[in-house]
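Topology and contacts: notes
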Number of protein chains: 2
Amino acid sequence: MSKTPADKADKQATLTEARTRIDSIDQQLQSLISERARWAQQVGRAKGPLKAAVEYYRPEREAQVLRGVIDRNDGPLPNAELVRLFREIMSSCLSQQQPLKIGFLGPEGTFSEQAVRKHFGHAAYGLPLGSIEEVFQEVAAGNADFGVVPVENSGQGMIQMTLDMFLVSKATICGEVELRVHQNLLSLSGELKDVKRVYSHPQSLQQCQGWLRVNLPHVERIPVSSNAEAARTARLSPESAAIAGETAGRVYGLKTVAGPIEDRSDNTTRFLVIGRSIFPPSGNDRTSLLVSVRDKPGALYDVLSPLAHHGISMNRIESRPAHTGKWQYAFFIDVSGHVEDAALQAALEEMKPAAADVRVLGSYPVALP
Amino acid sequence: MSKTPADKADKQATLTEARTRIDSIDQQLQSLISERARWAQQVGRAKGPLKAAVEYYRPEREAQVLRGVIDRNDGPLPNAELVRLFREIMSSCLSQQQPLKIGFLGPEGTFSEQAVRKHFGHAAYGLPLGSIEEVFQEVAAGNADFGVVPVENSGQGMIQMTLDMFLVSKATICGEVELRVHQNLLSLSGELKDVKRVYSHPQSLQQCQGWLRVNLPHVERIPVSSNAEAARTARLSPESAAIAGETAGRVYGLKTVAGPIEDRSDNTTRFLVIGRSIFPPSGNDRTSLLVSVRDKPGALYDVLSPLAHHGISMNRIESRPAHTGKWQYAFFIDVSGHVEDAALQAALEEMKPAAADVRVLGSYPVALP
């Protein structure tokens, strides 16, 4: 279809207008961002001479700002994209003097680093460390302001190493980050009947084994080093398919045969932000408790019933053998609400006589998209 | 120093005012960002139904927007930080339908991925590939919209593999990205006399060998897998030092013994953005030429003199044996200006008789901070 000169003139007018508007918007955006940075400095000065960012970091305030962004959003950008931009703006404003230092399980480029960036933005310093234990140590020693550690993979349950570190460390929990990954079966043709081989990372193959058993019982499963590698390989032959995320499919030009195909539909990795203090309520918080009980009949029931009495909902519970003595168990319990809430305070008081120890690991804003 | 109640009330008033102002700024920022995204859609609609981001991507326009940001900036945020935020905002606006797909030398987390993110923001899809050759192939095949390949490390010169790919590929150059790294000698005490061992990545040790020979002639140099690893090791003993970037020093709590200590003061890695077309001028551009000459006396002089005649400054020249025939050489030449500039067009016309071939690889905005 050929364009008339009038079409072309219209198009040019729209383009010119759009660019003029965008230029004016950019100028306003810039002066607002700079003004925001100046006010962030004011907040700092109110607390004395400028110090490291950790002195000014208020996760409860950030969570409120971001919830406000989501509440107000009526498009066209999706919530996650707007939240990302505001996190970056806050990250820049906070980092004007000495940026936050965030320890994580390295090397760089891992899932853990993605969680650091999602939560703290790119103006923070990432401090790649060799082990989860080291992340706890560096936070305790003050070499890192915060640490980010994986605590739960919905496919594989709690990450014991992280839980166990709380038994021996004084770290607090200051936040949670969720990274969600869906698995898809991807191939050149997008037809299930063509698939003779399935490539993927061993962990992803495991996450989808139920689906594979039912839908592709006789095909070969070939483990490779990453899902991206699997998608690249699947492009080379119409008989090959890959299990990988949606992004990999788009990136590598494959069609979706089926998806999501993970056996548990909530395939999310959850990370904890660890620190050295507990922050005030944000209005939508979660509290993590570490409760030790003696191994006697009914002990767990006695410990948990105050939560039910006070109408506090329990999100997670995980038991671990405590290292502190024979016949003791430790329970990691996540509940809704903040430790400053009256109901939770009352429940905690009632739990104490029944437990050998009740420790509040932290109260922190519920993860945002 | 204890605070009086009046101090505290003042501080609280400032905090409250700052937060109220920031809340109002955030609301304005959000409505401007959303409006910007809507206008970006308008630009798209002017070109017909919404297509992939590559249809709307205008590097010359982005460069103009970012230069405007730098020109207007009077703090408090540094230019690089504001440019980063605007790149992310443009990245989000551009990615509303199908984000740009950017091929790079993987795996994720490498220097090349940093260059991708610096140039295209985090809303683009990164496509990690196995080799520089593969980046060129995927761009040629249309599986990637653009590719990012390293072309020059100031310590080690041009990266031949990348240059050679232009001899056999039709790729164009659509942009350049510079990542600057300074090396410092870091240790616990910050005193040169304490240093008995220096840890660093072999490449960094090489980049600083002149300085080491003069200042630390008898200390042991120990190569390790990364500069971050070196900084971590240096923390363990007061007799150890690391060569690493400033960030690593801050992150790992080391003092700067000396820096920058690299033998060449412009320790920068330069990347090229490759694509399939040449974009219009941005107002501050560079043009890359690939010129083949016959191996005869004065040939190179004859080819270059038109540039001088027309007052065009040459930024780089690098010769490579051409694969197209015996006794031929290819020269990669970077000059200031855009191929649409009258002076450069005239110079190119005059070069043709003296050269076996003159190919414009691309004209693109000069790298921003």
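Residues numbered from 1 in each chain as written. Chains lettered and ligands numbered in written order. Predicted model: local features only at pLDDT ≥ 70, side-chain atom pairs only at ≥ 80, totals over all residues. Heavy atoms only, no water.

Per an unreviewed UniProt entry, the recorded name for chain A is Bifunctional chorismate mutase/prephenate dehydratase, and the organism is Luteibacter jiangsuensis. Taken directly from UniProt, the Function (unreviewed entry) text for chain A runs: "Catalyzes the Claisen rearrangement of chorismate to prephenate and the decarboxylation/dehydration of prephenate to phenylpyruvate." Under the Subcellular location (unreviewed entry) heading, UniProt states for chain A: "Cytoplasm". (UniProt positions renumbered as here; feature names shortened; annotations may be inferred.)

Things to note about the packing of helix H5 (residues 132–140) of chain A against helix H6 (residues 160–168) of chain A
All names here are of chain A. Interaxial distance between H5 and H6 falls to 9 Å at its minimum, and their mutual angle equals 35°. For the pair H5 and H6, the sense of crossing is right-handed. The residues of H6 that touch H5, namely those facing Ile132, Glu133 and Phe136, are Met161, Thr162, Met165 and Phe166. (Axes fitted to C-alpha atoms, helices over the stretch in contact; angles between N-to-C directions. Helix = DSSP H or I, 4+ residues; strand = E, 2+ residues; numbered from the N terminus. Left-handed = near helix turned anticlockwise from the far one by under 90°. Contact = heavy atoms within 4.5 Å.)

Examining the relation of the copies chain A and chain B
For the match of chain A to chain B, the screw axis carries a shift of 0.0 Å, the RMSD comes to 0.1 Å, and the turn is 180°. The transformation relating the two chain copies, once decomposed into turn and shift, fits a two-fold axis. When you check the interface residues of chain A against chain B, 100% turn up at the interface there too, and the contact is symmetric in its surfaces. (Least-squares fit on C-alpha atoms with pLDDT ≥ 70 in both.)

A word on the domain arrangement of chain A
Per the domain assignment, the segments of chain A are domain 1 (40–178 + 269–277), domain 2 (184–258) and domain 3 (279–369). Taking only C-alpha atoms, the centre of domain 1 of chain A and the centre of domain 2 of chain A are 33 Å apart. (Domains from an automatic or database assignment.)

Let's talk about the nonpolar core
Residues Leu29 and Ile33 of chain A together with Leu29 and Ile33 of chain B are the most contacted members of the largest nonpolar core, which totals 48 residues. Among the elements of the structure, helix H1 (5–45), helix H2 (59–72) and helix H3 (79–94) of chain A together with helix H1 (5–45), helix H2 (59–72) and helix H3 (79–94) of chain B are those that each provide at least two residues to this core. Contacts of Leu29 of chain B, omitting those with residues within four sequence positions, involve Leu29, Leu32, Ile33, Arg36, Phe86 and Ile89 of chain A. (Core = buried A, V, L, I, M, F, W, Y, C linked by side-chain atoms within 4.5 Å. Buried < 20%, exposed > 50% of the residue type's maximum accessible area, 1.4 Å probe, protein only.)

Considering the packing of aromatic side chains
Residues and elements named next belong to chain A. Counted under the stated rule, the structure contains 13 aromatic pairs over all chains. Measuring from centroid to centroid gives 5.0 Å for Tyr57 and Phe146, while their planes differ by 65°, and the two rings are edge-to-face. With a gap of 89 residues between them, Tyr57 in the loop between H1 and H2 and Phe146 in strand E3 (residues 146–153) connect regions that are remote in the sequence. Phe146 matches Tyr57 in its accessibility class, with the two residues each being buried. Taking the centre distance of 6.3 Å and the plane angle of 80° together, the rings of Tyr57 and Phe279 count as edge-to-face. Of this pair, Tyr57 sits in the loop between H1 and H2 while Phe279 sits in the loop between strand E11 (268–275) and strand E12 (285–294), and the two are 222 residues apart along the sequence. (Phe/Tyr/Trp six-rings, centres within 6.5 Å; stacked < 30°, edge-to-face > 60°.)

A short note on the pattern of salt bridges
All chains considered together, the criterion is met by 34 salt bridges over all chains. Put simply, Arg21 of chain A and Glu17 of chain A hold a salt bridge, and the shortest N to O gap is 3.4 Å. You can see Arg21 of chain A and its partner Glu17 of chain A sitting in helix H1, four residues apart, about one turn around the helix. On the basis of relative accessible area, Arg21 of chain A is assigned to the partly exposed category, the value being 38%. Residues Arg286 of chain B and Glu176 of chain B are paired through a salt bridge, measuring 2.9 Å at the closest nitrogen-oxygen approach. In this pair, Arg286 of chain B sits in strand E12 (residues 285–294) while Glu176 of chain B sits in strand E5 (residues 172–180), placing the two residues 110 residues apart along the sequence. (Salt bridge = Lys/Arg side-chain N within 4 Å of Asp/Glu carboxyl O.)

Concerning the interface of chain A and chain B
Chain A puts 71 residues into the contact, and the matching count from chain B is 71 residues. Both faces considered, chain A and chain B share a buried interface measuring about 6700 Å² in area, 61% of it formed by carbon and sulfur atoms. When the buried surface of chain A facing chain B is broken down by residue, Gln30, Trp39 and Arg61 of chain A rank first, second and third, together holding 10% of it. Scanning the region where chain A abuts chain B turns up 10 salt bridges. Where chain A touches chain B, the interface holds 23 residue pairs in polar contact (both at pLDDT 80 or more). Elements with a contribution of two residues or more to the side of chain A that touches chain B: H1, H2, H3, strand E2 (125–129), H5 and helix H10 (246–252) of chain A. (Buried area = accessible area lost by both parts, 1.4 Å probe. Polar contact = N/O pair within 3.5 Å; in protein donor to acceptor, adjacent residues only side chain to side chain.)

Some details on the side chain of Arg270 of chain A
All names here are of chain A. Following the sequence through the fold, Arg270 ends up in strand E11. One polar contact links Arg270 to Asp334, side chain to side chain, over a distance of 3.1 Å. Looking at Arg270, its side chain comes within polar contact range of the side chain of Tyr364, at 3.2 Å. Sequence-distant contacts of Arg270, defined by excluding residues within four places in its chain, comprise Val149, Pro150, Val151, Glu152, Glu176, Val177, Glu178, Arg286, Arg316, Asp334 and Tyr364.

Focus on the sheet that holds strand E6 (residues 184–187) of chain A
Each strand in a sheet pairs with its neighbour through backbone hydrogen bonds, running either in the same direction (parallel) or in the opposite one (antiparallel). All names here are of chain A. Here five strands make up an open sheet; going across it, the order is E8-E7-E9-E6-E10 and the pairing mixed. Strands at the two margins of the open sheet, each flanked by one partner only, are strand E8 (220–223) and strand E10 (255–258). Here the strands of the sheet are splayed against their neighbours by 35° on average, with no regard to which way each runs. In the packing of helix H9 (residues 227–234) onto the sheet, contacts are made with E6, strand E7 (197–200) and strand E9 (240–244), and the angle to E9 comes to roughly 155°. (Pairing = 2+ DSSP bridges.)

Examining the sheet that holds strand E7 (residues 197–200) of chain B
Residues and elements named next belong to chain B. Ordered by their spatial adjacency, five strands build an open sheet running E8-E7-E9-E6-E10, and the pairing between neighbours is mixed. Among the strands making up the open sheet, the edge pair consists of strand E8 (220–223) and strand E10 (255–258). Ignoring which end each strand starts from, the neighbouring axes of this sheet average 35° apart. Pairing of strand E6 (residues 184–187) with strand E9 (residues 240–244) involves four bridges; the strand directions are antiparallel.

A word on the environment of Ile102 of chain A
All names here are of chain A. With respect to the helices and strands, Ile102 occurs in strand E1 (residues 101–105). The exposure class assigned to Ile102 is buried, which follows from its relative accessible area of 0%. Along the sequence, Ile102 and Phe332 sit 230 residues apart, while their C-alpha atoms lie 24 Å from each other.

Notes on helix H4 (residues 111–120) of chain B
Residue and element names in this part refer to chain B. Of all 10 residues in H4, seven are buried; the element is thus mostly enclosed. Residues Ser112, Glu113, Ala115, Val116, Arg117, His119 and Phe120 constitute the buried set of H4. Once H4 ends, the next one or two residues include Gly121, with phi positive near 75°.

Here's the deal with the side chain of Arg61 of chain A
Its place among the elements puts Arg61 of chain A in helix H2. Its relative accessible area of 13% is what places Arg61 of chain A among the buried residues. Ignoring sequence-local partners within four residues, the contact set of Arg61 of chain A consists of Arg19, Ile22 and Asp23 of chain B.

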